[in-house]
Every structure is written in C-alpha cells, then in structure tokens.
Amino acid sequence: MFGEGPARARVLMIGEQPGHEEDLAGRPFVGPAGRILDRALAAAGIARGDVYVTNVVKHFKWEPRGKRRIHAKPSQTEIAACLPWLRAELDLVKPEAVVCLGATAAQALLGSAFRVTRQRGRWLSGPSASRVLATVHPSSLLRAPRRGIAEARVRRLRRGPRGGGRSAPLSLAPWRRLDGVYFEQPMPALTAERKSSLRRELLDLLGPGGVLSDPDELLVYESDGLTLLRALADFVVFPRTAEHVASVVRVANRERLPFVARGAGTGLSGGCLPAEGGIVISMMRMNRMLEVDYDNQIAVVEPGLVNLHLSWAVGPRGFYYAPDPSSQQACTIGGNIANNSGGPHTLKYGVTVNHVLGLEVVMPEDGRIVWLGGRTRDALGYDLTGLFVGSEGTFGIATKVVVRILRKPQAVKTVLAVFDTIEEASAAVSAIIARGLVPAAVEMIDQLTIQAVEDAFGCGYPRDAAAALLIEVDGLRAGIDGQAARIEAACRESGAREVRTAADEAERQLLWKGRKSAFGAYGRVSPAYMVMDGVIPRTKLPYVLGRVNDIVAAHGLRVGNVFHAGDGNLHPNILYDPRKAGEEARVVQAGAEIMKVCADVGGSISGEHGIGLEKADFMPFIFTAADLAFMLRVKTAFNPTDLCNPGKIFPTKKSCIEVGPMAYRPHAIEEQGLAQRF
Ligand SMILES: Cc1cc2nc3c(=O)[nH]c(=O)nc-3n(C[C@H](O)[C@H](O)[C@H](O)COP(=O)(O)OP(=O)(O)OC[C@H]3O[C@@H](n4cnc5c(N)ncnc54)[C@H](O)[C@@H]3O)c2cc1C
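Definitions and cut-offs
- Residues numbered from 1 in each chain as written.
- Predicted model: local features only at pLDDT ≥ 70, side-chain atom pairs only at ≥ 80, totals over all residues.
- Heavy atoms only, no water.
- Helix = DSSP H or I, 4+ residues; strand = E, 2+ residues; numbered from the N terminus.
- Buried < 20%, exposed > 50% of the residue type's maximum accessible area, 1.4 Å probe, protein only.
- Contact = heavy atoms within 4.5 Å.
- Near = heavy atom within 4 Å.
- Polar contact = N/O pair within 3.5 Å; in protein donor to acceptor, adjacent residues only side chain to side chain.
- Areas by Shrake-Rupley, 256 points an atom, 1.4 Å probe, with all protein chains shown as cover.
- Nonpolar A, V, L, I, M, F, W, Y, C, P; charged D, E, K, R; others polar.
- Pairing = 2+ DSSP bridges.
- Axes fitted to C-alpha atoms, helices over the stretch in contact; angles between N-to-C directions.
- Expected span 1.5 Å × (residues − 1).
- Arc of directions from axis to C-beta.
- Phe/Tyr/Trp six-rings, centres within 6.5 Å; stacked < 30°, edge-to-face > 60°.
- Lys NZ or Arg CZ within 6 Å of the ring centre and 35° of its normal.

A. Inspection of the overall build of the chain at higher detail. If you tally the helices and strands in the chain, you get 23 helices and 26 strands. Here the chain holds 678 residues, and the buried ones make up 55% of them. Sequence-distant contacts, at least 24 apart, represent 72% of the contacts inside the chain between residues at least 6 apart.

B. Main features of the site of the ligand. Taken together, 35 residues sit near the ligand, with Ala261, Gly263, Thr266, Ser327 and Thr332 positioned nearest. Here an oxygen atom of the ligand sits 2.9 Å away from a polar atom, N or O, in the main chain of Ala264. Within the backbone of Gly271, one N or O atom sits 3.2 Å away from an oxygen atom of the ligand. Burial of the ligand by the protein amounts to 95% of the accessible area it has alone, namely 970 Å². The set of elements that each furnish at least two residues to the shell around the ligand consists of β9 (259-262), α12 (333-339) and β16 (397-404). In terms of residues, the shell around the ligand owes the most to one element, α12, which gives 5 residues. Tallied by class, the residues present in the shell around the ligand amount to 13 nonpolar, 19 polar and 3 charged.

C. Broad picture of the sheet that holds strand β11 (residues 289-293). Strand order in the open sheet formed by 5 strands is β11-β12-β16-β14-β15, with antiparallel pairing between adjacent strands. In the strand order of this sheet, the two ends are held by β11 and β15 (369-373), each with one partner. In this sheet, neighbouring strand axes are inclined to one another by 15 degrees on average, regardless of whether the strands run parallel or antiparallel. The pairing of strand β14 (residues 356-362) with β16 spans 6 bridges and is classified as antiparallel. By the bridge assignment, Val362 is partnered in β16 with Ile397. Strand contacts of helix α10 (residues 242-255): β14, β15 and β16, with the helix running at about 50 degrees to β14, the strand carrying the most contacts. Each of β11, β12 (298-301) and β16 is contacted by helix α11 (residues 307-314), which is oriented at about 45 degrees to β11, the strand it contacts most.

D. Region of interest: helix α8 (residues 192-206). In a regular helix each residue adds 1.5 Å, so 15 residues correspond to 21 Å; α8 covers 21 Å between its end C-alpha atoms and thus fits that length. Among the residues making up α8, those that are buried are Arg194, Leu198, Leu202 and Leu206. All buried residues of α8 fall inside an arc of 90 degrees around its axis, so they share one side. Seen from the open side of α8, the exposed residues pointing more than 90 degrees away from its buried face are Ala192, Glu193, Arg200 and Asp204.

E. Highlighting the environment of Pro323. Note that Pro323 resides in the loop between β13 (319-320) and α12. A sequence separation of 23 residues divides Pro323 from Thr346, and the C-alpha atoms of the two residues are 6.1 Å apart. Apart from the residues within four sequence positions on either side, Pro323 is in contact with Asn307, Ser341, Thr346, Val351, Thr352 and His355.

F. Looking closely at the packing of aromatic side chains. The tally for this structure, following the rule as stated, stands at 7 aromatic pairs. The interplanar angle of 45 degrees and the centroid separation of 5.2 Å between the aromatic rings of Tyr294 and Phe319 together place this pair among those described as tilted. In this pair, Tyr294 sits in the loop between β11 and β12 while Phe319 sits in strand β13, placing the two residues 25 residues apart along the sequence. Ring geometry for Tyr522 versus Tyr529: centroids 5.4 Å apart, planes at 55 degrees, classification tilted. These aromatic residues form a ring-pair network of at least three members: Phe519, Tyr522 and Tyr529. Cation over ring: Arg131 sits above Trp123, and NZ or CZ is 4.3 Å from the ring centre. Taking the ring centre of Tyr294 as reference, the NZ or CZ of Arg317 above it sits at 4.0 Å.

Below, the structure is given as structure tokens:
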C-alpha cells in the first residue's frame, strides 16, 4: 500500500500505516480515519484531490496464521526500512509542505525527539524533508472509548497545542505554478448541465457533426484493438485542423478535463482509451496528404491518414512508405508515431522513428502549436521528434507529419520455409542472419495460426507444419536470386522440410495475406484473443516459445504465435472466450507471466504495441524507480498538467514505486520477516 499515485500535489500528507479497508480499496485513507480526514479537508475548503496522501509504513502485518491484515503499531525497524520509499515519493511529488498525521509519521521525518502534543502545528524541518507540520492522527479520535471523550479531544485540539505555541495556518490558496511544478487540480464531476453547455461550446468550435456525447455513440470509442480494456469518454470530437485541436485542448485545460488523441483505434494496449474520462480527440478527419516532394523524398501528411493510403498515393511514382504494421489497411500515421510502430519490413528498414523528420504538435498545457524537427535528417537542437515518437500520446497531439518516402526496391523475392519443429525454424532464423544476410522481413507462423489462416484464406501454408517462416529479400535486381538461394540453403540446413520461393507477384501477395491477416483469422478458432507483444534475444526463441506454451496451458487456455522472428518480437495470441466466467482474468495473468519471461531472458515488454494501459504495471520488470521517475520528469516537461492521456505508461495501481504483484521485489523488511506485502 503506497500513496495515491505519482501526481504532483502541493501538500503531501503522511499517515502511519494502512488498515483493512485501505487494503480492499487499494488506496490509503479510505476507512473511518479517511472519512474524518475528508471532512476536515472539506471544512478547510481543500479538495481531497489536491492533496497527495500516503503512508509512512508501507506494509500490513498479518494476523498470526490469519488472512486479515492487522493495524498494529510499527516498530522503528519497520519505519526505517520504509523510509527510502517515502523519500522517493517525496522526490516525485515535490510538495511545498508535508503534513504528518500522527506521531509515527512525524517522528519518521523529524526524529524520535518530536512530540506531537508539544510541537503540533509548527513548521519544522527534519533530515528527510523541510517545511513539515504535524498534527494528530484522525484515527486517534476514533480510538476514544466514548463519544464524550472524543468530543473533549476535539475541543482540546481546537484550543491549540500544549505549551502555548500558535498553530501556523497552512494556506493552500491560491493554486499556482511554482518553479515549473504544476499542482494537481481537483477534477470536477461533469454534471448534466455542464456537459450540455460544454457540448454546445465544442459544437460551436468544430461545427455540425464535430461532437459525440450520446452514450450509445460513445460506446464505439470505449476500447481499441484490446477489447479487454474499456473506458467511456464524456465527448468524442472530430477536428479538421490543428486550430480545432488547439481550441479543444484549451477548453479541456480550462475545464480540467483529460483528453486523448485517437487514430483508427487499432492499438493493442489500450493507449487511446480515455482512462479517466474526458475528451477523445479523433484524428480521422485530419487525413489529407498535404504535400509530396519526390525530389527530396518527403511527404507532409495529416496524422489521420491511413498508413497504406500513403503508399498507395506515392506508389504510381515508384515510391512507398516503409513502416508497414500488419494493421496498415486501417491504422493511422498519428497512431504509428505515438506507438513508434514497426512491421514485418522494419527488420531492414527500421521502425517509425527512422522515417519521421518533423512534426507539428499541439502542446497539452495551453494548446500552443509548435514544430519539432523539420524537413531534413539533420535538424538542429535536441531531437524532440525522436522523443515524441513513441510517447504514446502523452506528449501532445501531432497535427502534421513530415515523413520520408523511399523508392520501391527494383526486385523482391519471398521465400516460404516449412518446418516440423519450432526449434528448427528458430535455428533457421539465426542461420540466415549469421550468413550476413539482411532480409527485409523474417516472420514466423505456428501451427495453430497456420490452420486458422488456411481455414480463412487458403494461402498455401501446409496445415500439418509445426512452423513456417516467411522470408523476404529486396534490393537491386542484380544479386537478388543469389540472396534467395542462400536463404533457401540456410533453411534446408536448419531442417526445413520444404522451401519454395513465390513464383510471381500473385503468389507473393497470397503468402503475405496469410501473415498480415493472421490476427483476423483467429476469429475462426476462438471468440476472442489477446495479443501479447514482447521482445527477446533471437537465440532464446525455442526456450521462450516453450515457456509461453506451458504458461498458457497451465491456465487452461490456447495460444497461437505469429511474429516478427527476425527482430525477436513475439506476438503470442492467447485465445479465450469472454463469456466464460474467470477466463479474462486467466488471460491477464498468463499475459503477465509471459511478459515476465521476456524480461527475464533479457528482452522487453513491448516491441511495437506500446505500454498504454495494459502494461503500465509491468514497467518495473524493466525499469527501476529512478528510471521511471526520470521518464516522468520528461513527460512533465511536455505535459505538465497530466491532462493529456493520463493513466498510461507509468504504473498506476498504487504508485510509481509500488508495482503490481508480478513486479514484486521483496524489500529488506520483508526479507527479515517483519512484514508482508500482497
Ligand atoms: C490486426 C492488427 C495488427 C497489428 N500489427 C501491428 C504491427 O505489425 N506492428 C505494430 O507496430 N503494430 C501493430 N498493431 C497495433 C496498432 O495497429 C499500431 O499500434 C498502430 O500504430 C495504432 O494506430 P492507430 O491509428 O490505430 O492508433 P490508436 O490505436 O487510435 O492510438 C494509438 C496511440 O496513438 C495515440 N495517437 C493517435 N493519434 C495521435 C496523434 N495524432 N498525436 C498523438 N498521439 C496520437 C493515441 O493516443 C494512442 O496512445 C496491430 C494491430 C492490429 C489490430
């Protein structure tokens, strides 16, 4: 149990340790003491959301041999062991003032000589924090044996501390920006009246058809390609210009409403979901090609342009846009930028960041429109374009994009290699790369996927194969046959039972159709599936695929694999039936275990689909609290109010420091058997 999250707040309040109700709610101070605290804050005109509340002792104690957590006074050892975490919270929140609720918290920060009865209400400073104020713990009132005694305690409290010292008033108004730090504002509830007036205002800005607010219409936007996660917006808006986007962002800021950009909604990590409600800004009407400069091989496009439409537009002149996610018939350039998307051909050509030169962006804080990067490769200054690409919609909203377009290769050869074991197919991937070949793509498809694809499209993959590799080489006409021959040889030497090269463009397209439509083909064998996205060193393929199968089977589920084998980017697709009770929860658990395996073999938890909502709690598999805190500082520079796509990327379950059960790392205090966490 940690604090309420890494949000900035002007005041940080620390209690001692959480109780049973806090445990159930997953937040500190929600029990009876929390209700007293809420009433006190409300009486002082301070909204709870303006204050970061946390505990000084981060663990519960177990009742002996029992299941219930007990609320027992912590020992000095426990407090000392939890102090580094509290300090990390202080470092993240950077409060102007710290309020200790009770002697335990005060002594933790100010030293054991502190006496709450004598020094209550004075500004003090200690080794861990300056400007500390202590008061009694709200639960001390609850612990009074009778109502009369509690009331007497309250009266005494109102008279001020013993010793005659006057309480320093803790003024929280006016809220302001201080030293570049913004303080979280309370998020007002959207009443029906306010919603209808906001709707009118947004319609005035965007014109007829520019705003959806009817709950039935909003349902369409409640999830992306990962249908396990859902969140409903208050509004979905459809801007046509950067100025439209900027004006919506300004309204959102004024109203303290979160906002998030949405492309085609093909994302697979819940990235475009309005996790905290507010406004979804759909970019689908900003889908024009603004300029193509063939001589300099660049195009300027709007972010709602569908990826494949860009290649179609420049194709007749012999050009194409290289990043080719398998969703390219639908996904947008803006979504690709946010997720730094890859695709089968990014093995040779790189991912989205390698093909974006400049961006026009509406900044989250005030709707300012700025340019990052430019039209050439060597833009001066910090590489802010590179920073923005992959920021998953948390750094602002891209409204124009300068992309590189490439000349189509003179020649292309596509090889299909069929294997009886996954091990042989994996060995072939390494054998190809070891020969110094750089194929444009090396994709692997497993048996379950082959069968689904064959049922759906009949692409010519042998249904009984354990795995098939689809390998493509491209480049100059001279030498391309030699490359294909060397690939064929590498596959045969690794144990391929059949290797063939597509005889013509029609056969090549059919083979790629099988690969690119594989996700859709799972509909033949399962009502739903969840796509995982992990990266591993190529040499670990057989081991990790074996572990994936074991994990999924242990949860009573099935898995199909179709993935970018060349760059070790796995996509285990866990098949499930959402109508069966408990099945979704098992999918989530299996997914978490698979991600842990990827991290443990030296890989990563996302190759291209992003972290979004789905994997935020897995970030500590890869990053330390210090790493995350640093990333948060970068995000805060772009998005200081955190209204732009909040709730994504950073662990949010409890706090940035606490991590989900999968990322659990025992603390010294637990290793000593003094406390447990769950
Ligand atoms: C069948 C299928 C196959 C897929 N194959 C691949 C693949 O091979 N490779 C791959 O990388 N991904 C793949 N994906 C995932 C997905 O298609 C990509 O992540 C894609 O880039 C998302 O684009 P989108 O337009 O749908 O974005 P959305 O899902 O709408 O949004 C994704 C993120 O982009 C942000 N965003 C959208 N527009 C903007 C903007 N203008 N400015 C700032 N932020 C913005 C959103 O806030 C969100 O965080 C696949 C998905 C499916 C369903």
